[in-house]
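Inside the fold
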Amino acid sequence: ASRLPPPLAGGYRALALVGAEHVFIASEHAPVRYQYLMRRREGFTHETYLRRYREIHSQFGFQTPAIRGYVQCHLDPDATREAARAAGFGVCEVDSVSELHMDSLERFMEAIAGSTIGADAMADEEIFVDRAHSYSFCSHATWHAPRPS
């Protein structure tokens, strides 16, 4: 069996990811985004990983309390590598990005603390996600209306 390449290569400070966005719960202007760059476990092809992620794991997004939006970005490995090379970035070998939209990280953490959803989702991820080589972070968005001309 061939081994997957290292998740991060090229010593990047920025990365380019190219893929198809799948919106499960639409959200506008939620100020906080939790993003999780997910890598598949060995034994899963990119396609079988994405199928499980879309058809099975997505159900956790619908059950997660205190979120306003849920999006999966299914990455195109070849297009991602080409975009990274063209931009002069390192390559990040991940298969997808989960994005939860919320009003407050604190409110989200309080809500999931009283629920089994976090533990249930992590148990499911143990089946198909290489969690040791997946990366998560939060970002805050500020929305600005265009100025009238």
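Located above this text is the structure these notes cover.
Cut-offs applied
Residues numbered from 1 in each chain as written. Predicted model: local features only at pLDDT ≥ 70, side-chain atom pairs only at ≥ 80, totals over all residues. Heavy atoms only, no water. Helix = DSSP H or I, 4+ residues; strand = E, 2+ residues; numbered from the N terminus. Rg over C-alpha atoms; globule rule 2.2 N^0.38 Å. Buried < 20%, exposed > 50% of the residue type's maximum accessible area, 1.4 Å probe, protein only. Contact = heavy atoms within 4.5 Å. Areas by Shrake-Rupley, 256 points an atom, 1.4 Å probe, with all protein chains shown as cover. Pairing = 2+ DSSP bridges. Axes fitted to C-alpha atoms, helices over the stretch in contact; angles between N-to-C directions. Phe/Tyr/Trp six-rings, centres within 6.5 Å; stacked < 30°, edge-to-face > 60°.

**Digging into the overall build of the protein chain**
Of regular secondary structure, the protein chain possesses 4 helices and 7 strands. Counting helices and strands in the order they occur from the N terminus, the protein chain gives β-β-β-α-β-α-β-β-α-α-β. For the protein chain, whose C-alpha radius of gyration is 16 Å, the value lies close to the compact-globule estimate of 15 Å for 149 residues. Across its three principal axes, the protein chain shows a C-alpha extent of roughly 50 × 45 × 25 Å. Considering the protein chain as a whole, with its 149 residues, one finds that 36% of them fall into the buried category. If you take every contact in the protein chain between residues at least 6 apart in sequence, the share linking residues at least 24 apart comes to 86%. Total accessible area on the protein chain is roughly 8800 Å²; 53% of this is exposed by carbon and sulfur atoms.

**Things to note about the sheet that holds strand β3 (residues 32–38)**
If you trace the 5 strands from one edge of the open sheet to the other, you get β2-β4-β6-β3-β7, paired in antiparallel fashion. At either margin of the open sheet sits one strand with a lone partner, and together these are β2 (19–25) and β7 (135–140). The average angle at which neighbouring strand axes cross in this sheet is 20°, direction not considered. For β3 and β7, the ladder comprises 6 bridges, and the chain directions are antiparallel. Counted as the bridge partner of R33 is S139 from β7.

**Observations regarding the pairing of strand β4 (residues 69–75)**
Counting buried residues in β4 gives 7 out of 7 residues, a clear majority hidden from the surface. Bridge count between β2 and β4: 6 bridges; the pairing is antiparallel. Paired with G19 across the strands is L75, a residue of β4. Bridging between β4 and strand β6 (residues 96–102) involves 6 bridges; their strand directions are antiparallel. Note that in β6 the partner of Q72 across the bridge is S98.

**Notes on the packing of aromatic side chains**
Considering all chains together, one arrives at 6 aromatic pairs under this definition. The interplanar angle of 80° and the centroid separation of 6.0 Å between the aromatic rings of F24 and F62 together place this pair among those described as edge-to-face. Of this pair, F24 sits in strand β2 while F62 sits in helix α1 (residues 46–63), and the two are 38 residues apart along the sequence. Between the aromatic rings of Y49 and F128, the centroid separation amounts to 5.3 Å while the plane-to-plane angle is 40°, which identifies the pairing as tilted. Here Y49, found in helix α1, pairs with F128, found in helix α4 (residues 117–128); they are 79 residues apart in sequence, far enough to count as distant. The pair Y49 / F128 is uniform in exposure class, with both members buried. Among the aromatic residues, those joined into a ring-pair cluster are F44, Y49, Y53 and F128.

**What about the environment of Q63?**
For Q63, the position within the fold is in helix α1. For the pair Q63 and A132, spaced 69 residues apart in sequence, the C-alpha to C-alpha distance is 24 Å.

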